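Geometric and topological summary
One-letter residues, chain by chain:
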Amino acid sequence: MTEDPFELFGQWYREAEQCKEIADASAVNLATASPSGAPSSRMVLLKGFDQDGFVIFTNLKSRKGKELEQTSQAALCFYWAPLARQVRIEGSVVPVNDEEADQYFGSRPLKSRIGAWASRQSEPLESRTTLLKQVVIQTARFAQGEVGRPAFWSGFRIVPDRIEYWTNGEYRLHDRILYTRDMDGRWQHGLLYP
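What this report covers is the structure whose coordinates are included nearby. (Residues numbered from 1 in each chain as written. Predicted model: local features only at pLDDT ≥ 70, side-chain atom pairs only at ≥ 80, totals over all residues. Heavy atoms only, no water.)

So, the side chain of glutamate 67
Relative to the assigned elements, glutamate 67 resides in helix α2 (residues 63–71). A relative accessible area of 5% means that glutamate 67 is categorised as buried. The residues contacting glutamate 67, other than those within four sequence positions of it, are Thr32, Ala33, Ser34, Ser40, Arg42 and Ser72. (Helix = DSSP H or I, 4+ residues; strand = E, 2+ residues; numbered from the N terminus. Buried < 20%, exposed > 50% of the residue type's maximum accessible area, 1.4 Å probe, protein only. Contact = heavy atoms within 4.5 Å.)

So this is what it looks like as C-alpha cells:
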C-alpha cells in the first residue's frame, strides 16, 4: 500500500486508459450540493490531476458551476467496471487560475469552443433550433478571429481531503483503502470493512 494516494490514482488511471473495454477513463461522476444541501450529480470529464487535486471545466453559470462556487465542496466517483475498481474523492473546491483555464479552452476543438459561447448551460431551452441558431451566430462572430474563452467559462480543482480506493471482491468482500489528509496536510491511510 503506497503512502501517496496520488501515486496510486496515477497507476489506476493509466491502467483504465489502457483498458480497451473502458470507453473513456476520464468519465467521472461529479456530485455537488445547493447551499440548502440538495444534492445533484452528473457525469463530467476529468481534465487533469496532480498533487494539488483533480480538475474539471464548466460554464460557471450552469447548475454545477454555481453549486461549486457557492458551497466550495464536491465529490468525484470513478467507476471502471472492467477493472472492478472504483475511486471516491471528496474535498474542497478552488477555481483554477485564468492562465490554466485559457490554456485548456484553447486546446479544445473549434466547434467545442463555439459551443461554449452558444450554450446558456442549464437554462431552459425553447427548442433545439434556438441552440443551433446560436451556434450559427457564434460561428459567424468568430469567423475571422480566435475563439477566446468566455468570462463565464472556467475550471475548478477538487482538492481532496479523503480518497477511497475500492476493488471488487468475491462474496462482497471488497478491498477498501481510505486515505485522509490530517490537519498538517499529511496523508494517513488504512483499510475499511467492505
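Further notes follow.
Regarding the pattern of salt bridges
Two side chains that carry opposite charge are able to pair once their charged atoms sit near each other. This model, assessed by the stated rule, comprises 14 salt bridges. Between arginine 149 and aspartate 98 there is a salt bridge, with its nearest N and O atoms 3.3 Å apart. Here arginine 149 is found in the loop between α5 (128–141) and β7 (153–167), whereas its partner aspartate 98 is found in helix α3 (residues 98–107), with 51 residues between them in sequence. Between aspartate 182 and arginine 186 there is a salt bridge; the shortest N-O distance is 3.6 Å. A cluster of three or more residues bridged by salt bridges with shared partners is formed by Arg88, Glu90, Arg162, Glu164 and Arg176. (Salt bridge = Lys/Arg side-chain N within 4 Å of Asp/Glu carboxyl O.)

Re the layout of surface pockets
Considering only enclosed or pocket space, the largest pocket measures out at about 320 Å³ in volume. Looking at the largest pocket, it is lined by 15 residues, and the ones nearest its centre are Phe57, Thr58, Arg108, Gln121 and Trp153. Of the residues belonging to the lining of the largest pocket, the class tally is six nonpolar, six polar and three charged. Estimated volume of the second largest pocket: approximately 220 Å³. In terms of lining residues, the second largest pocket is bounded by Ala118, Ser119, Arg120, Gln121, Ser122, Glu123, Pro124, Leu125, Glu126, Thr130, Leu131 and Gln134. By residue number, the principal contributor to the lining of the second largest pocket is α5, which donates three residues. Looking at the lining of the second largest pocket, its residues break down into four nonpolar, five polar and three charged. (1 Å grid on protein atoms, 1.4 Å probe; cavity = no way out; pocket = protein on both sides within 12 Å on 5 of 7 lines; lining within 4 Å. Points joined across faces, edges and corners; volume = space filled by probe spheres on them. Nonpolar A, V, L, I, M, F, W, Y, C, P; charged D, E, K, R; others polar.)

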